[in-house]
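Each chain is listed here by its residues.
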Amino acid sequence: MKLDYYQKIVKKTVDENIPFTVHFDLTYKCNLKCVHCYVTEEKGEKELSTEEIKSIINQLAEANTLYLTFSGGEIFTREDFFEIASYARKKGFALRLLTNGTLVTPQIANKIRDLNPLSVRMSLYATDPDVHDAITRSKGSQRKTVKAFSLLKEREIKVAINSVLMKENVGEFKRLKAFAQEIDSGFVFDLGIIPCDNGSKKPLTHRLTENDLIDFFSSNSRTSEWEPIEIPDDSPLCGAGLNTIYISPYGEAYPCVSIRESCGNLTRQPLSEIWQAPILKRLRATKFSDLKECSTCPLKSYCFRCPGLALLEDGNLFGPSQAACTLARARKTTYEKPRKATD
Amino acid sequence: MSIENKIPSKSPQTASRIVDGEAVIVLLKKSRVHVLNEVGSRIWELSNGKRSIKKIADTIFKEFQVTKKKALKDTIEFVKSLTKKEMMVLK
């Protein structure tokens, strides 16, 4: 496969282990209480101070990170958010902001515009306020998020709807997609509900079942989208630890948001040292062919296995992930299902 | 003011890094990514809002095997092209 210049750069960041993309949760505090949320807020730990975050940002700039995602919790619950974000912009990062949008006022929207973020993704679960508010467990939250979309669009800020599809809102998919088109917004949806960061599997009760997934795929996509994909034996497991890393509001670094095996704490160790943590070395050294069960699985060309989920749910970073197996079976069934000639 | 005395700087609408000598520039509003060649990347790196085009061209002349005249001509063309693409601003 011929790679363009940019793809060659991304490949270089993977081959040379440059943390090109970083997900930084600035806080776990949130004004909503989403039913599927993986964050357990009260941990009794002190979140990073402004100066500690700036020091981490300096280290990321030195390490050549380009894409920096600020998320949480809700980022706008931090009073110093714009001080942090402006600092990061001055250091040359392309910022992606993840927010629920409910705290966005015209003044906040002006400040976001002045940051020139690459994108602002806002969580919207339904066009029906009752469905959305039942998920966020906060009356009036849907109206506020929808308002935030118009405030940001008025200021020509690139926005995207960020939606997690679950039992409660899967029927909203087409309406959300249409709404995104109507307001000229991006639309990103995720089927991945993960256990809480304390190990609780409570959020998984909202996850779509295999039959739900087959219904969803069959009614919302074309067969060609589910064509099997060959995975080369020497493929890495994913980007975690290769060219990405996750940082918690306490400064703890992990390979990604789901792989909760600490690489070290950035308030006590420099990033250069953390970037050589044993778990990261292990991830870098492991190829798809090293996964004993998965590399020989007949479903492998339908599977988008997440190592983090395999660890969280099934206890083995390098073993099968039941969630991925379910998705792969649903994809295969959808692909093989007889369709109309127009598909 | 003649063009060679003008001072180029990176547009606030961009984010960038130099990866292995190549500048990766993200045009934030357009979500477009540009990768510059070696000489272009060096010009990008030197365009910090403090150096004139002439001063940048002098560095290019010293670091790459080009004549002084060609270094200046290429630097001017390059800066103009990036300004047109809204990646740089000229003062």
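Residues numbered from 1 in each chain as written. Chains lettered and ligands numbered in written order. Predicted model: local features only at pLDDT ≥ 70, side-chain atom pairs only at ≥ 80, totals over all residues. Heavy atoms only, no water.

Some words on the pairing of strand 7 (residues 244-247) of chain A
All names here are of chain A.
And step 1. Burial of the side chains of strand 7 extends over both faces: T244 and Y246 are buried on one face and I245 and I247 on the other.
And step 2. Looking at chain direction, strand 1 (residues 21-25) and strand 7 are connected through 4 bridges and run parallel. Paired with T21 across the two strands is T244, which belongs to strand 7.
And step 3. Here 2 bridges tie strand 7 to strand 8 (residues 252-254), and the two strands are oriented antiparallel to one another. (Buried < 20%, exposed > 50% of the residue type's maximum accessible area, 1.4 Å probe, protein only. Helix = DSSP H or I, 4+ residues; strand = E, 2+ residues; numbered from the N terminus. Pairing = 2+ DSSP bridges.)

Quick word on the packing of helix 1 (residues 38-46) of chain B against helix 2 (residues 53-63) of chain B
Any two packed helices are characterised by the angle at which their axes cross and by the distance between the axes.
Residue and element names in this part refer to chain B.
And step 1. Where helix 1 contacts helix 2, the axes come no closer than 10 Å and their chain directions differ by 140 degrees. When the interaxial angle is binned, helix 1 and helix 2 end up oblique. Judged by the sense of rotation from one axis to the other, the crossing of helix 1 with helix 2 is right-handed. Contacts between helix 1 and helix 2 involve V39, R42, I43 and L46 from the former and I56, T59, I60 and E63 from the latter. (Axes fitted to C-alpha atoms, helices over the stretch in contact; angles between N-to-C directions. Parallel < 35°, antiparallel > 145°, perpendicular 65-115°, else oblique. Left-handed = near helix turned anticlockwise from the far one by under 90°. Contact = heavy atoms within 4.5 Å.)

Observations regarding the environment of R331 of chain A
Residues and elements named next belong to chain A.
And step 1. For R331, the location among the structural elements is in helix 12 (residues 322-336).
And step 2. Note on R331: relative accessible area 11%, which makes it buried.
And step 3. Distance from R331 to H132, taken between C-alpha atoms, is 27 Å for residues 199 residues apart in sequence.
And step 4. Residues contacting R331, with those up to four places away along its chain left out, are F217, W226, Y302 and F304.
And step 5. A distance of 3.4 Å separates a polar side-chain atom of R331 from the backbone oxygen of Y302. (Polar contact = N/O pair within 3.5 Å; in protein donor to acceptor, adjacent residues only side chain to side chain.)

What about a positive patch on the surface?
Residue and element names in this part refer to chain B.
And step 1. The grouping of K54, K55, K62 and K68 at the surface amounts to a positive patch.
And step 2. Looking at the positive patch, the element that brings in the most residues is helix 2, giving 3 residues.
And step 3. Assignment of secondary structure puts K68 in helix 3 (residues 68-84). (Patch = residues over 30% accessible without salt bridge, like charges linked within 9 Å, V, L, I, M, F, W, Y side chains within 5 Å. Areas by Shrake-Rupley, 256 points an atom, 1.4 Å probe, with all protein chains shown as cover. Salt bridge = Lys/Arg side-chain N within 4 Å of Asp/Glu carboxyl O. Lys, Arg positive; Asp, Glu negative; His and termini not counted. Charge placed at Lys NZ, Arg CZ, Asp CG, Glu CD.)

Thoughts on the packing of helix 8 (residues 210-220) of chain A against helix 12 of chain A
All names here are of chain A.
And step 1. Across the interface, helix 8 lies against helix 12 with an axial gap of 9 Å and an inter-helix angle of 40 degrees. Relative to helix 12, helix 8 is oriented oblique. Of the two possible hands of crossing, helix 8 and helix 12 adopt the one that is right-handed. Facing E210, L213, I214, F217 and S218 of helix 8, the residues of helix 12 in contact are T326, L327, R329, A330, R331, T333 and T334.
And step 2. Counted by class, the contact of helix 8 with helix 12 contains 5 nonpolar, 4 polar and 3 charged residues. (Nonpolar A, V, L, I, M, F, W, Y, C, P; charged D, E, K, R; others polar.)

Section: the pairing of strand 1 of chain A
And step 1. Sheet topology note: the strand 1 of chain A/strand 2 (residues 67-71) of chain A ladder contains 5 bridges and is parallel. Note that in strand 2 of chain A the partner of V22 of chain A across the bridge is L68 of chain A.

Some thoughts on the nonpolar core
And step 1. If you look at the biggest cluster of nonpolar residues, it comprises 60 residues, and the most contacted ones within it are F70, F81 and I112 of chain A.
And step 2. Leave out the neighbours within four places in its chain, and I112 of chain A touches F76, F82, L97, V104, P117, V120, L152 and I157 of chain A. (Core = buried A, V, L, I, M, F, W, Y, C linked by side-chain atoms within 4.5 Å.)

Topic: the confidence of the model for chain B
And step 1. Confidence along chain B averages 95 in pLDDT terms, with 100% of residues attaining 70 or more.
And step 2. In the predicted complex, the global pTM is 0.93; the interface-specific ipTM is 0.91. (pLDDT = per-residue confidence, 0-100.)

A closer look at the sheet that holds strand 2 (residues 14-19) of chain B
Residues and elements named next belong to chain B.
And step 1. One open sheet holds the 3 strands; their spatial order is 2-3-4, and the pairing between them is antiparallel. For this open sheet the edge positions go to strand 2 and strand 4 (32-35), each flanked by a neighbour on one side alone. Pairs of neighbouring strands in the sheet enclose a mean axial angle of 15 degrees, with direction left out of account.
And step 2. Here 6 bridges tie strand 2 to strand 3 (residues 22-27), and the two strands are oriented antiparallel to one another. Looking across to strand 3, one finds that S16 is bridged to I25.

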